[in-house]
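Structural characterization, general
Chain residues, written in single-letter form:
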Amino acid sequence: WVNITTATTSGAWPTKRYAHACTLKHDHMYIVGGYDDNGDTLDVYDAGEDLWVLNLLTMTWASIALTDSNGFTSVSSNLPASDGFAHASLFPYGDNQLLYVSTLHVAANEKRIWFIDLDDEEWIHAGDSDDTDAPGEYEEVPAVIRKGKYVLFCGGKVDSSSSSSYQGCIAFNL
């Protein structure tokens, strides 16, 4: 193991976070969302907290401020739900996109499945909001993509004071 620190990278580092999503695409590591040290959601409405990228060749961090398809970065139905911006999955998709899926704190009528267009630096809704088979609320959503299918094995606690847990395995076609 090698500890990657501010001494071994350049550029500003992301805010300290947990419960964020991370993926690798080409020679870049992308991270998005999560909670800060106070337990507050790091979401698309906080300028500069949307998407962070570490170029693994140059070891340089950069922030990408994403917009919706109309160029807005403020609260909008064309952006992921603020409360659902943690405990999500993030995957490389196609030539210039990332796939983002959230199931935590997302109401039945809110949009869960998004693409991040890396060329245009914007969120694009994947069209799932009318899906009556959408999953319930899960805390953890580790997932894989295989043959055009997104498969999640989800789980979590009923509440923080309970020893009861739940799980589910769900899939959808991309």
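Residues numbered from 1 in each chain as written. Predicted model: local features only at pLDDT ≥ 70, side-chain atom pairs only at ≥ 80, totals over all residues. Heavy atoms only, no water.

1. Here we look at the nonpolar core
- In this structure, Leu51, Leu90 and Ile116 are the most contacted members of the largest nonpolar core, which totals 15 residues.
- In this structure Ile116 touches Leu51, Leu66, Leu90, Asn96, Gln97, Leu98, Glu122 and Trp123, once residues within four positions along its chain are discounted.
- Within the second largest apolar cluster, nine residues are counted, among which are Phe115, Ala143, Tyr150 and Cys154. (Core = buried A, V, L, I, M, F, W, Y, C linked by side-chain atoms within 4.5 Å. Buried < 20%, exposed > 50% of the residue type's maximum accessible area, 1.4 Å probe, protein only. Contact = heavy atoms within 4.5 Å.)

2. A look at the sheet that holds strand E7 (residues 113-117)
- Strand order in the open sheet made by the four strands is E5-E6-E7-E8, with antiparallel pairing throughout. Across the chains shown, the open sheet's two edge strands, defined by having one partner strand only, are strand E5 (88-93) and strand E8 (122-125). Taken over all neighbouring pairs, the strand axes of this sheet differ in orientation by 25° on average, direction set aside.
- In terms of strand pairing, E7 meets E8 through four bridges, oriented antiparallel. (Pairing = 2+ DSSP bridges. Helix = DSSP H or I, 4+ residues; strand = E, 2+ residues; numbered from the N terminus. Axes fitted to C-alpha atoms, helices over the stretch in contact; angles between N-to-C directions.)

3. Focus on the pairing of strand E3 (residues 51-55)
- Burial of E3 is extensive: five of the five residues sit out of reach of the surface.
- Residues Leu51, Val53 and Asn55 line one face of E3 and the alternating positions Trp52 and Leu54 line the opposite face, and both faces are buried.
- Alignment of strand E2 (residues 28-32) against E3, held across five bridges, turns out to be antiparallel. Within E3, the position partnered with Val32 by the bridge is Leu51.
- Strand direction decides the pairing type here: E3 and strand E4 (residues 60-64), joined by five bridges, are antiparallel. The residue bridging Leu54 from the neighbouring strand is Trp61, located in E4.

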